[in-house]
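# Close look at the chain arrangement
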Amino acid sequence: MTDDFQALRAETEAALAAASDLRAWDAVRVGVLGKQGRLTALLKELGKVAPEQRRERGAQLNVLKDELAGLIEARRVELDVAALDARLAGERTDVSLPPPPRPQGLVHPISRTMEEMTALFGAMGFTVGEGLDIETDWFNFSALNIPAHHPARADHDTFYLPGERDGRPLLLRTQTSDVQIISMLQTPPPLRVIAPGRTYRADHDATHSPMFHQCEGLVIDRDITLGHLKGCLIDFLRAFFGIAHLPVRFRSSYFPFTEPSMEVDIGWNRRTGELGGGGDWLEILGSGMVHPRVLANCGLDPREWQGFAFGMGVERVAMLKHGIPDLRPFFESDLRWLRHYGASPLAPASLHEGIAP
Amino acid sequence: MKFSWSWLRTHLDTDAGIGAVTDRLTAIGLELERVEDPGAALAPFRIAHVVEAAQHPNADRLRACQVDTGAGVVSVVCGAPNARTGMRAVFAPPGSTIPATGAVLKVGEIRGVESAGMLLSLREMGLGEDHDGIVELPDDAPVGQGYAAWAGLDDPVVEISVTPNRGDALSVRGVARDLAAAGLGRLRPWAPAAVQGMGASAVSWAIDMPDACFWVLGRTVRGVRNGPSPDWLQRRLLSIGLRPISALVDITNFFTIDLGRPLHVFDADRVQGGMLRFRPGAGESFRALNGRDYVADPADCVIADAAGVQSLAGVIGGEATGCTETTANVFIECALFDPVHIALTGRRHSIASDARQRFERGVDPALLPDAIEAATQMVLDLCGGEPSVVVQAGSEPAWRRSAALRFDRLRSLGGTAVPPDEAVAALTGLGFIVEARATEAVRVAVPSWRNDIAAPIVLDQAPGLDPERARAAAEGCAETEPEADLIEEVLRLRGLDHVLPVSLPRIAPVPPAVLTPRQVRSALARRTLAAAGLMECVSFSFLDHAQAALFGDAPEALRLLNPIASDLDQMRGTLVATLALAAARNAARGQTEARLFEIGPAFREDGQETVAAGVLAGVTPRHPLAPSRGLGAVDAKAAATEALQALGLPIDSLSVSADAPNFYHPGRSGTVRQGPRLVLATFGELHPRVLQALDWTGPAAAFEVFLDRVPEPKRRRRAPPDLPAFQPVRRDFAFLVGADVPADAVLRAARGAERALTAAAHVFDVYEGDKVPPGQKSVGIEVVFQPRERTLTDAEIEAAGAKVVAAVAKATGGALR
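To continue, consider the confidence of the model for chain B. All names here are of chain B. Residues with a pLDDT of 70 or more make up 100% of chain B, whose mean pLDDT is 92. Across chain B, element-level confidence peaks in strand β27 (residues 535-536) with a mean pLDDT of 98 and bottoms out in helix α3 (residues 147-150) with 83. The ipTM assigned to the predicted complex is 0.88, against a pTM of 0.86.

Residue and element names in this part refer to chain A. Within the open sheet, the 7 strands sit side by side as β1-β5-β6-β10-β9-β8-β7. Their pairing is mixed. A single partner strand is all that each edge strand has here, and the edge strands are β1 (127-128) and β7 (248-255). The pairing of strand β8 (residues 258-268) with strand β9 (residues 280-290) spans 9 bridges and is antiparallel. Along β9, the bridge assignment pairs Val 264 with Leu 285.

Bringing the side chain of Asn329(B) into the picture now. Residues and elements named next belong to chain B. Along the polypeptide, Asn 329 turns up in the loop between β21 (316-317) and β22 (330-337). A relative accessible area of 18% places Asn 329 in the buried class. From its side chain, Asn 329 meets the backbone nitrogen of Gly 223 in a polar contact 2.9 Å long. In this structure Asn 329 touches Val 221, Arg 222, Gly 223, Val 224, Phe 266, Asp 267, Ala 268 and Asp 269, once residues within four positions along its chain are discounted.

What follows covers the sheet that holds strand β13 (residues 204-207) of chain B. Residue and element names in this part refer to chain B. Taken together, 5 strands build an open sheet; the order of strands is β13-β16-β19-β20-β21 and the sheet is mixed. On the outer flanks of this sheet lie β13 and β21, each paired with one strand and no other. In the sheet, strand β20 (residues 308-312) pairs with β21 via 2 bridges, with the strands oriented antiparallel. Across the sheet, the residue bridging to Ser 311 is Gly 317, located in β21.

Residues and elements named next belong to chain B. Counting buried positions over the 5 residues of strand β11 (residues 157-161) gives 4, a clear majority of the element. Sheet topology places strand β1 (residues 2-4) next to β11; 3 bridges connect them, and they run antiparallel. Its bridge partner lying in β11, Lys 2 is registered against Glu 159. When strand β3 (residues 31-36) meets β11, the two strands line up antiparallel, connected through 5 bridges. In the strand pairing of β11, Leu 32 is matched with Ile 160.

A separate point is the packing of helix α11 (residues 420-429) of chain B against helix α12 (residues 467-494) of chain B. All names here are of chain B. At a minimum axis distance of 9 Å, the contact between α11 and α12 shows a crossing angle of 95°. One finds that α11 runs roughly perpendicular with respect to α12. Contacts from Glu 422, Ala 423, Ala 426 and Leu 427 of α11 reach α12 at Leu 486, Glu 489, Val 490, Leu 493 and Arg 494. Within the contact of α11 with α12, the residues separate by chemical class into 6 nonpolar, no polar and 3 charged.

A few words now on the side chain of Glu116(A). Residues and elements named next belong to chain A. Relative to the helices and strands, Glu 116 resides in helix α5 (residues 109-123). For Glu 116, a relative accessible area of 2% gives the class buried. Setting aside its immediate chain neighbours within four residues, Glu 116 contacts Phe 240, Lys 321, Ala 349 and Ile 355.

Residues and elements named next belong to chain B. At their nearest, the axes of helix α13 (residues 517-531) and helix α16 (residues 633-646) sit 9 Å apart, and the two run at 140° to each other. Classified by the angle their axes make, α13 and α16 are oblique. Along this stretch, α13 crosses α16, giving a crossing that reads as right-handed. Packed against α13, whose contacting residues are Leu 524, Thr 528 and Leu 529, the element α16 presents Ala 639, Glu 642, Ala 643 and Ala 646 at the interface. When the residues that make up the contact of α13 with α16 are grouped by side-chain class, the tally is 5 nonpolar, 1 polar and 1 charged.

Here we come to the pattern of salt bridges. Scanning all chains against the criterion turns up 72 salt bridges over all chains. Taking the shortest distance from any N to any O, the salt bridge between Lys321(A) and Glu116(A) comes out at 2.8 Å. In this pair, Lys321(A) is assigned in helix α11 (residues 314-322) and Glu116(A) in helix α5, connecting sequence segments 205 residues apart. Summarising the burial analysis for this pair, Lys321(A) and Glu116(A) share the class buried. For Glu483(B), the salt bridge identified is with Arg409(B), shortest N-O distance 3.9 Å. Here the residue Glu483(B) occupies a position in helix α12, and Arg409(B) occupies one in helix α10 (residues 407-412), the gap between them amounting to 74 residues. Using a relative accessible area of 4% as the deciding quantity, one classes Glu483(B) as buried. Shared partners join several salt bridges into a network, and the residues in it are Arg166(B), Asp168(B), Asp178(B), Arg450(B), Asp452(B), Glu489(B) and Arg492(B).

Quick notes on the rules
Residues numbered from 1 in each chain as written. Chains lettered and ligands numbered in written order. Predicted model: local features only at pLDDT ≥ 70, side-chain atom pairs only at ≥ 80, totals over all residues. Heavy atoms only, no water. pLDDT = per-residue confidence, 0-100. Helix = DSSP H or I, 4+ residues; strand = E, 2+ residues; numbered from the N terminus. Pairing = 2+ DSSP bridges. Buried < 20%, exposed > 50% of the residue type's maximum accessible area, 1.4 Å probe, protein only. Polar contact = N/O pair within 3.5 Å; in protein donor to acceptor, adjacent residues only side chain to side chain. Contact = heavy atoms within 4.5 Å. Axes fitted to C-alpha atoms, helices over the stretch in contact; angles between N-to-C directions. Parallel < 35°, antiparallel > 145°, perpendicular 65-115°, else oblique. Nonpolar A, V, L, I, M, F, W, Y, C, P; charged D, E, K, R; others polar. Left-handed = near helix turned anticlockwise from the far one by under 90°. Salt bridge = Lys/Arg side-chain N within 4 Å of Asp/Glu carboxyl O.

Pasting the structure below:
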């Protein structure tokens, strides 16, 4: 390589090294490769070179051109990186800043619990029935074998409204059992229905609210026995509480609309509140075989159809499942409480994802 | 129902302990409420003999006693003035707890004398206020024996809850009978001997109200001495919380509890005219034994003498003819009433008496003759006197019934095969008598005290049932109900643990959808609103009618007749009302932002509907990137729109107009409709008047989405998506329009101008201020043109833009700014 080539190369390298920004770099580039650049000039001068030397010098010149272009480009990349580094060095975000707050919405534990009941009983072939909050005394009492003077009516602390419907006094339903009647009148058996909903009784203290929720259940078929009642409720309770061996006890009781009637207890520890063991029993729902009079009041012949019914307090099972100590906050809409006990709307109760806590 | 353990054992001969008995009670439907053992705290205390009580050498007021505890003689220092040599006292050994103070005794030394225990006063044992000194027991009190047992204080009291069908179990004997039938012993026989009456009764009976009083027996006992009843009787009554009054009254209370057979005693000398008459009340006032005055209603059955009303029959007696310490001649009443009459009278006058409780559930209609003999005998035993013959009116009603049980029904209804002999034994144990027995079935006579078995069928069938179907159902009921009654008895006594649980058979390999489309809408709206950042609440369906009136009508028809509190008397017409109260409460608790929603019923005179509603109140949180702002109508609209969209409604084809209900700010609220009439939602800021009435500053906005009105979505195949290959062209326009022109009108006009080409139109800016003429505003919109066949030329875009401008001008009078 000729000396002038070497010099050009050395000088270019030095100039590139001295170029500290893209502007200076561009001046170097133009000074070497531009139209008036030194390399361009050398190329132009090639024609003047003696033909015998031209070929070799031409080849060397091309090598030099590639080298210089490479050097210049490499320096540009270097400068780019440095410039970006310099820019980023000044760009800072306080990563400890929280993102802009997004309001948090949750599903009320009553809704969540009713969803869980729906999922579980749904898996057992139940559908969901509905009634009205303002009912006549026939649906709430008479049809359920609670005639006008029955002591059970007095026990219910019923709220009454003025006026009547179908010649019957109006009241706020005291139990979701009215849906048993509605279901039997509307749908020919066989039936499997649950009815979660609002109920009302004139009672207000730490364990009673004038409005609360129940979930009624009704199964009617030709050969449903008390064994099915036990099986169905044990299946439900164990799945609902997520305790495979939850002790469940059935003991005789009385409800006007079932016979035989029974209260259902689950095993728990009275001292710790822990479910599933501990040797104590906790009453959790009422149940029984549908009373022949209730069937007959709905036009079903008890010689042909039989089945069972049950009812449980939604808040009560929610309180037990989640260890909620007091009933009243369920209805107070206190955001602090709701944030604590609410459920994610994006994780609805579903069997395939699991519904136990 | 309360009874003491010793009382129970007067009827039940059993080796079972109290734990086994109470467990069984719960299992057979007589649920144990509690067992109280007053003797438990006294268990360590023994009867002791004070061998010597000498003056304490170092203390004037103390005595140094040598006490024989039955297990040796110990030294006890005692401060009681009555401690003396030779007395019998109650000794508390070291390690025992003094009930009154909770102190645990230790062996100690008091001023140099050892004291290894304590001699107790009644007050220290929690048995009274008497603190004059230590208990002095009679000289024959057995030294070393437990004090509680000796004093009869070790008698646990059992309380059970008796279901309304079991009037017979509101008696100690009834409870004992159930226990015996359940295999826990033997029911002791009870057959009172007849008492020979002498002479006519001073008082006789007449029944003028036979639908209320079926039968009554009475008897005078002359020459009685009334006074305090004997210890055993007082103790029985006290054990279950009844105050002893006098022997005659205590006797009636005893039989009420013992046999479930309420009685009443009149002072025969205070009954005017020698006759007591059951008749309807006639508005007379009388003073009852509880000291209160009652006015007898024509629907009440009263017992009256010549002077007037003396008793609300079967519910409460009267003061004027009641027995006192001076009663010399007593007239005993033993009557049988119609339960419904008793229940209504009791409810009408709000009297909860032991008599009412039993009569309204039905007492044993066959027991009257035996009961009056037993009562007479006890009067003679305790008060002396001479009994008259028994007088009566009315007659024993027909109560005999029978019921049949096919043994296989125990399996096919009860779910457990019970050996026939066992089933029959259970029934006979309860007093059923076998009338006929075959291989498959048994027919039994129902005992008189079980009025809940094979009772007369009372149906209240749904109106409008097909008559043939109704008749068959009624017939079926008459046939199956007595059998179900018997099945319940057999299963109850055997224990339901014998019934094996059977899971419900599947009706389909995969269950079908559980919810109806309408129910799914609620679930979807709930998840959507919660996911949009609203917190779900469940608020009461009722509120104060004055507050309800702030949110629209509060009609009388939806006002409770008997609210539990005056602020919970009106069924809500809108969920916004109860949610606004909730949001205001949260604000008062210092919550700066509340986004609440609820899905539940709203009540109108023509029915109820399911509504998803929300209240958005307060200000958004402050953040460097998002300044705080008050929540307003637009936030409420956003939430309502999300819900509507989730329910599948085409948002662009819904209309919004500024005519929302008047609890909203009139200028900042809207109603969302589909078509001209169907109102789907409302939203807006709450009216300042409402906020003021709730003593709340807001800001607050609300919305309602009427879920039940959302039309069922049509099931149709979806068209393939529109995916044009050409770039859309976006053009911005700013129109000057009248300030009252809704932005929506501008958008609609723009969208309609070149329908085939226009893919979308959005508002990006609204400006009112000094840069536009007064009374006008600038609305900036972006219109998106979507070419389909080829790229649009400038001229074509120009032409489309001109159409937009013309259409907006025509629709709104607006001009390009």
